[in-house]
Amino acid sequence: MRNRAAVLYGVHDLRIDDVPVPEPGPGQVLVEVRAVGVCGSDVHYYEHGRIGPYVVSEPLILGHESGGVVVGRGPGATRHEVGQRVALEPGVPCGACRQCRAGRYNLCPEVRFFATPPVHGAFANYVTIHEDFAFALPDEVSDDAAAMIEPLSVGIWACRKAGLRGGEHVLVTGAGPIGLLAMQAALALGATRVTVADVNPHRLELARRTGAARAIDLRERPLGEAGIEADVLLECSGHPAALADGIRSLRPAGTAVAVGMGPGEEATIPLALLQNQELTLTGTFRYANTYPTAIELVATGRVDVEAIVTGHFPLDQAEQALRVGREDARSVKAVVVPAGATE
């Protein structure tokens, strides 16, 4: 079998290489990749060669939003038959540390996460992963949707951190892929009204089409003048001003969830308001135990993840897929489709 991969060697240096087909170890499955979503982190590695402490110091295969079909099994792997279609949860924790034992495996310090140096990702024909992190898919979930289970999980986790119980008015700042899927997740999990704010009119229109009750174009008016009184803020843009303005748009006892990752680690928070209104502010880091819920929401049609997919690219055009979001204002989510493996 031949395994072709899009390998990042440095800033703006992406090459299509032949790499060894990985051998599944104990409890692992070999998966032929059918679709991989392009995430902002992939773009950031391509453009800057690092994200915080994670530096591309040696060649790295990008891509972590993926789905495919099981084509091989390692010793002791029994969960999936060969031929089973699966969505891949890209972070495999140690399972033994304090965070893992408490059920917070997304905070495991030893997690091995696809496309995070030095762990290779899924812009390839084949990957291996522990069978517990390959989730069986029903026929109702397409290959594109399988890749979107990962970003949908980010949205579901944000909603869980917000403590949605039903009936809330949710404000989502940032109508990128995460914001758009967090909006749909909030509606599926009981929110009765979602307002979305962004500066991109194409993405705001997509938000309206997929369930937003109101879409605010921040080029026309600042959030503080929009008259919003929300129960929950899901801040998905990563912009420090959006977090502060969003907090000011909450009702007393509301909850703000910082989802998007900005360029720096510090932001100005209206602390007096946080105290006087008894607001709750929390962060999110990836997700835990979300894939079954995400798959069920997609399979039953309660969330339309394919609505955000705006382009498909073969593996040979992975570099274009990484650039399209910066070059085309209408682009929301690019998907890389690795070519079928060859014998």
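Residues numbered from 1 in each chain as written. Predicted model: local features only at pLDDT ≥ 70, side-chain atom pairs only at ≥ 80, totals over all residues. Heavy atoms only, no water.

A. Representation of helix α6 (residues 240-248) within the structure. Turning to α6, its buried residues are A242, L243, A244, G246 and I247. Where α6 is buried, its residues touch β13 (169-173), β16 (230-235), β17 (250-258), α7 (271-276) and β18 (280-283). (Buried < 20%, exposed > 50% of the residue type's maximum accessible area, 1.4 Å probe, protein only. Helix = DSSP H or I, 4+ residues; strand = E, 2+ residues; numbered from the N terminus. Contact = heavy atoms within 4.5 Å.)

B. A look at unusual backbone geometry. Residues P117 and P118 are joined by a peptide bond in cis, for which omega reads 5°. With a phi angle near 60°, A115 is a residue other than glycine that sits in the positive phi range. Take A115: it is sitting in the loop between β10 (112-113) and β11 (126-130). We classify A115 as buried; its relative accessible area is 3%. For E278, which is not glycine, the phi torsion reads 50° and is therefore positive. Mapped onto the secondary structure, E278 falls in the loop between α7 and β18.

C. Structural context of the sheet that holds β16. Spatial strand order, β15-β14-β13-β16-β17-β18: six strands in an open sheet with parallel pairing. Each edge of the open sheet is held by one strand with a lone partner, namely β15 (214-217) and β18. Between one strand and the next, the sheet's axes are offset by a mean angle of 15°, whatever the strand orientation. Across four bridges, the pairing between β17 and β18 is parallel. Bridging across to β18, A256 finds its partner in L281. Across the sheet, helix α5 (residues 201-209) touches β14 (193-198) and β15, and the angle it forms with β15 is around 170°. (Pairing = 2+ DSSP bridges. Axes fitted to C-alpha atoms, helices over the stretch in contact; angles between N-to-C directions.)

D. Local environment of the pattern of salt bridges. The full count for this structure, using the stated rule, is 13 salt bridges. For R85, the salt bridge identified is with D143, shortest N-O distance 3.1 Å. Separated by 58 residues along the polypeptide, R85 in strand β8 (residues 85-88) and D143 in helix α3 (residues 143-162) bring together distant segments of the chain. R85 gets classed as buried once you look at its relative accessible area, which sits at 19%. Exposure remark for D143: the relative accessible area of 27% places this residue in the partly exposed category. Note that R208 and E205 form a salt bridge whose closest N and O atoms lie 3.2 Å from each other. (Salt bridge = Lys/Arg side-chain N within 4 Å of Asp/Glu carboxyl O.)

E. Broad picture of the packing of helix α4 (residues 177-188) against α5. The geometry of α4 relative to α5 is characterised by a closest axis approach of 10 Å and an angle of 15° between their N-to-C directions. As the angle between them shows, α4 and α5 are arranged roughly parallel. α4 and α5 meet at a crossing whose hand is right-handed. In this structure, α4 uses P177, L180 and M183 to contact α5, whose residues at the interface are R203, L206 and A207. (Parallel < 35°, antiparallel > 145°, perpendicular 65-115°, else oblique. Left-handed = near helix turned anticlockwise from the far one by under 90°.)

F. Up close: the packing of aromatic side chains. Tallied over the entire structure, the rule returns three aromatic pairs. Measuring from ring centre to ring centre gives 6.0 Å for Y105 and F133, while their planes differ by 80°; the resulting arrangement is edge-to-face. Separated by 28 residues along the polypeptide, Y105 in the loop between α2 (98-101) and β10 and F133 in the loop between β11 and β12 (134-136) bring together distant segments of the chain. Residue classification places Y105 among the buried positions, given a relative accessible area of 12%. Judged by its relative accessible area of 14%, F133 falls in the buried class. In this structure an aromatic cluster arises from ring pairing among F135, Y287 and Y291. The lysine or arginine in question, R15, covers the ring of Y9, its NZ or CZ lying 3.7 Å from the ring centre. Sitting over the ring of F113, R286 keeps its end group 3.7 Å from the ring centre. (Phe/Tyr/Trp six-rings, centres within 6.5 Å; stacked < 30°, edge-to-face > 60°. Lys NZ or Arg CZ within 6 Å of the ring centre and 35° of its normal.)

G. Region of the structure containing the packing of α3 against α4. Look at α3 against α4: their axes get within 8 Å of each other, and the N-to-C directions meet at 60°. With respect to their mutual orientation, α3 and α4 come out oblique. In this structure, the crossing between α3 and α4 has a hand that is right-handed. Every residue of α4 that contacts α3 at M148, P151, L152, V154, G155, I156 and C159 is listed here: I178, L181, A182, A185 and A186.

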